[in-house]
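# Chain and residue survey
Okay, here's what each chain looks like letter by letter:
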Amino acid sequence: MDNLISKISSLLFAPFIIVVMLQVWIENQEDESANAGALEEALQYVLTVDDPSTHNPAVEGKPVFVHGPAHSRMLLGDNIFNIANKNRVRMHRKVEYYQWVEFRRELEPDPEGKHGPRRRYREVEYTYQKEWVKDPVDSSGFKYAHENGPVALKVKDSELVSEHVAVGAYALNSDQVGRLGPVQHYKLENYTLPEALATRASHDERYVYISTPGKIPAPGSPEIGDVRVSWDYVGDNLPVGIMALCKDGTLVPYQGKEGQVDILQQGTFNTLEELLAQKTKTGRLDNIMRLIIMVGVLACCFRWLMVWVQDRETEFWEKMRISGLWVLSLYLALETTLLLQAAAWIKTDGIYAGILLGVCVAVHIGYTRYRSHRLQREEEEDDTTLDLG
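This text gives an overview of the structure that appears in the document. (Residues numbered from 1 in each chain as written. Predicted model: local features only at pLDDT ≥ 70, side-chain atom pairs only at ≥ 80, totals over all residues. Heavy atoms only, no water.)

### Quick look at the overall build of the protein chain
- Scanning the protein chain from N- to C-terminus turns up six helices and 18 strands.
- Here the protein chain, with 389 residues, has 39% of them falling under the buried criterion.
- Pairs at least 24 residues apart make up 68% of the contacts formed inside the protein chain by residues separated by at least 6 positions.
- About 23,400 Å² of surface is accessible on the protein chain, with carbon and sulfur atoms providing 55% of the total. (Helix = DSSP H or I, 4+ residues; strand = E, 2+ residues; numbered from the N terminus. Buried < 20%, exposed > 50% of the residue type's maximum accessible area, 1.4 Å probe, protein only. Contact = heavy atoms within 4.5 Å. Areas by Shrake-Rupley, 256 points an atom, 1.4 Å probe, with all protein chains shown as cover.)

### Some remarks on the nonpolar core
- Phe81, Met91, Val208, Ile210, Val227 and Trp231 are the most contacted members of the largest nonpolar core, which totals 24 residues.
- Of all elements in the fold, only β5 (88-107), β12 (208-210) and β13 (227-235) reach the threshold of two or more residues within this core.
- Those residues within four positions of Ile210 in sequence are excluded, and the remaining contacts are Phe81, Ala152, Leu153, Leu197, Arg200, Ala201, Pro217, Asp226, Val227 and Val229.
- By size, the runner-up hydrophobic cluster in this structure holds 20 residues, among which are Val59, Leu172, Leu238 and Ala244. (Core = buried A, V, L, I, M, F, W, Y, C linked by side-chain atoms within 4.5 Å.)

### Focus on helix α3 (residues 272-305)
- End to end, α3 covers 49 Å across 34 residues, agreeing with the expected 50 Å (1.5 Å per residue, within 8%).
- For α3, the complete set of buried residues consists of Leu272, Leu275, Leu276, Asn287, Leu291, Met294, Val295, Leu298, Ala299, Cys301, Phe302 and Arg303. (Expected span 1.5 Å × (residues − 1).)

### Re the state of the cysteines
- For the structure shown, the criterion picks out zero disulfides.
- The thiol of Cys300 is unpaired, and the distance to the nearest cysteine sulfur, on Cys301, comes to 6.9 Å.
- Judged by relative accessible area, which is 31%, Cys300 ranks as partly exposed. (Disulfide = S-S within 2.5 Å.)

### Quick look at the pattern of salt bridges
- The final tally for this structure, using the stated rule, is ten salt bridges.
- Ionic pairing is found between Asp175 and Arg179, a salt bridge with its closest N-O pair at 3.1 Å.
- One salt bridge in this structure joins Glu223 and Lys215, with 2.4 Å as the shortest N-O distance.
- By relative accessible area, which is 35% here, Lys215 ends up partly exposed.
- One network of salt bridges, in which partners are shared, links Asp175, Arg179 and Asp262. (Salt bridge = Lys/Arg side-chain N within 4 Å of Asp/Glu carboxyl O.)

### Regarding the side chain of Thr337
- Tracing the sequence through the fold places Thr337 in helix α5 (residues 325-345).
- Here Thr337 falls in the buried class, since its relative accessible area comes to 2%.
- For Thr337, the side chain forms a polar contact with the main-chain oxygen of Ala333, separated by 2.8 Å.
- For Thr337, the contacting residues outside a window of four places in its chain are Leu291, Met294, Val295 and Leu298. (Polar contact = N/O pair within 3.5 Å; in protein donor to acceptor, adjacent residues only side chain to side chain.)

### Description of the packing of α3 against α5
- Here α3 crosses α5 at 140 degrees, and the two axes come no closer than 8 Å. The angle between α3 and α5 places the two elements in the oblique class. When you trace α3 past α5, the crossing you get is right-handed. In contact with Asn287, Leu291, Met294, Val295, Leu298, Ala299, Cys300, Phe302 and Arg303 of α3, α5 contributes Leu325, Trp326, Ser329, Leu330, Leu332, Ala333, Leu334, Thr336, Thr337, Leu340, Gln341 and Trp345.
- Of the residues contributing to the contact of α3 with α5, the split by class is 15 nonpolar, five polar and one charged. (Axes fitted to C-alpha atoms, helices over the stretch in contact; angles between N-to-C directions. Parallel < 35°, antiparallel > 145°, perpendicular 65-115°, else oblique. Left-handed = near helix turned anticlockwise from the far one by under 90°. Nonpolar A, V, L, I, M, F, W, Y, C, P; charged D, E, K, R; others polar.)

### Here we look at the pairing of β13
- Buried residues dominate β13, accounting for nine of its nine residues.
- With burial as the criterion, each face of β13 is covered, one bearing Val227, Val229, Trp231, Tyr233 and Gly235 and the other bearing Arg228, Ser230, Asp232 and Val234.
- The pairing of β5 with β13 spans nine bridges and is classified as antiparallel. What sits directly across from Val95, in β13, is Val229.
- Pairing of strand β10 (residues 184-185) with β13, which is carried by two bridges, proceeds in the antiparallel orientation. Note that in β13 the partner of His185 across the bridge is Asp232.
- Relative to β13, β12 is paired through three bridges, and the arrangement is antiparallel. Residue pairing for β13: Tyr209 is matched across the bridge by Arg228. (Pairing = 2+ DSSP bridges.)

### Topic: the side chain of Arg93
- Positionally, Arg93 belongs in strand β5.
- With a relative accessible area of 8%, Arg93 lands in the buried category.
- Among the polar contacts made by the side chain of Arg93, one reaches the side chain of Asp78 at a distance of 2.7 Å.
- Setting aside residues no more than four positions away along its own chain, Arg93 makes contact with Asp78, Ile80, Phe81, Val155, Lys156, Asp157, Ser158, Val229, Ser230 and Trp231.

### Side note on the environment of Ile216
- Relative to the assigned elements, Ile216 resides in the loop between β12 and β13.
- It is 9.9 Å that separates the C-alpha atoms of Ile216 and His203, two residues lying 13 residues apart in sequence.

### What to know about the pairing of β5
- Alignment of β5 against strand β7 (residues 158-161), held across four bridges, turns out to be antiparallel. The partner of Met91 across the bridge, within β7, is Leu160.
- Inspection of the sheet shows β5 paired to strand β6 (residues 123-133) by eleven bridges, in the antiparallel sense. Residue pairing for β6: Tyr98 is matched across the bridge by Trp132.

### Observations regarding the environment of Val124
- Note that Val124 resides in strand β6.
- The class for Val124 is partly exposed, based on a relative accessible area of 35%.
- When the C-alpha positions of Val124 and Arg105 are compared, they lie 5.7 Å apart, and in sequence the two are 19 residues distant.
- Not counting residues within four places of it along the chain, the set of residues in contact with Val124 comprises Arg104, Arg105 and Glu106.

Encoded structure:
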């Protein structure tokens with residue numbers, strides 16, 4: 001019965017995941033194609049801003065290439081915790097609560113006690129640990145009593161973004177600001193707690209710890225209900241290169257007939273060609289990561305579907321299974337992914353499409369040889385068994 005349920009689940013779940021993933025992949029390829037067309041269109045009109053320190057009215061309403069340090073002109077801070085800084089593009093407040101957490105584990109029957117105490121029936125084991133968690137945990141539903149109680153301070157995560165980040169006189173839009181990095185930990189050096197928290201909070205270099213009123217928490221010895229707060233930030237004066245549309249002094253996406261252009265790359269770029277070369281390199285790395293994820297997901301889905309053929313006694317499936325079901329699943333996933341991506345790149349990037357097809361052929365040859373070797377070794381073992389008989 002359990003085997004039948006497993007088969008039905010795999011038949012329903014695996015194809016659904018495959019369809020969803022392929023749909024996402026198709027939409028991503030369509031977006032890339034549309035944006036490539038918009039980029040080709042924008043390159044016919046793009047203007048280079050050699051001196052971004054002053055706004056040039058001649059570039060209004062046109063796609064532009066701007067390069068230089070992105071800096072913030074606003075004081076960015078967290079008023080609740082008495083933190084204010086210049087030279088910050090973004091800050092993120094992260095709040096954590098010290099809580100009891102319940103873990104539930106099912107233990108299979110073990111009448112002989114091979115893996116611990118003997119168990120005639122399936123049992124459920126509950127364990128409890130104190131952990132820093134993102135949200136308060138409701139302990140009223142715990143199997144055994146471990147009271148969390150009220151938290152010391154109800155405060156939420158918060159994303160603080162400078163209202164004006166610009167390269168010279170050209171302001172970045174909010175999406176571009178969100179792409180800037182790297183993210184760094186904010187150090188609480190020379191930090192003074194706000195007066196409202198002075199009698200119930202302490203801090204180290206990384207966190208502010210908050211306890212119940214009148215009790216100052218020890219950073220290394222938290223108690224249930226304590227709260228800790230930390231901050232990450234992105235600094236300014238980050239060298240960037242941007243290609244986008246200039247609209248009222250702000251860099252916004254250039255809208256083509258199908259896609260859009262809003263290129264931002266961090267680094268020093270003196271020419272538009274350098275920016276586009278870096279974009280191509282970054283895009284290829286992103287594609288490689290997506291392909292790796294796609295192979296992994298497909299391999300798992302194909303493996304789930306193998307439950308329908310793992311017991312088949314036909315000669316064909318016996319030969320296919322000889323390499324191992326996971327190896328077979330990985331082979332099918334690799335071939336599917338490589339062929340799909342090669343077909344998508346055949347018109348826009350013929351060289352890389354050819355490379356993928358070559359890899360596809362190499363994978364097929366390697367798998368075929370591996371399977372033949374396994375078949376030959378199994379036949380030799382069968383012959384040896386017969387001789388001994």
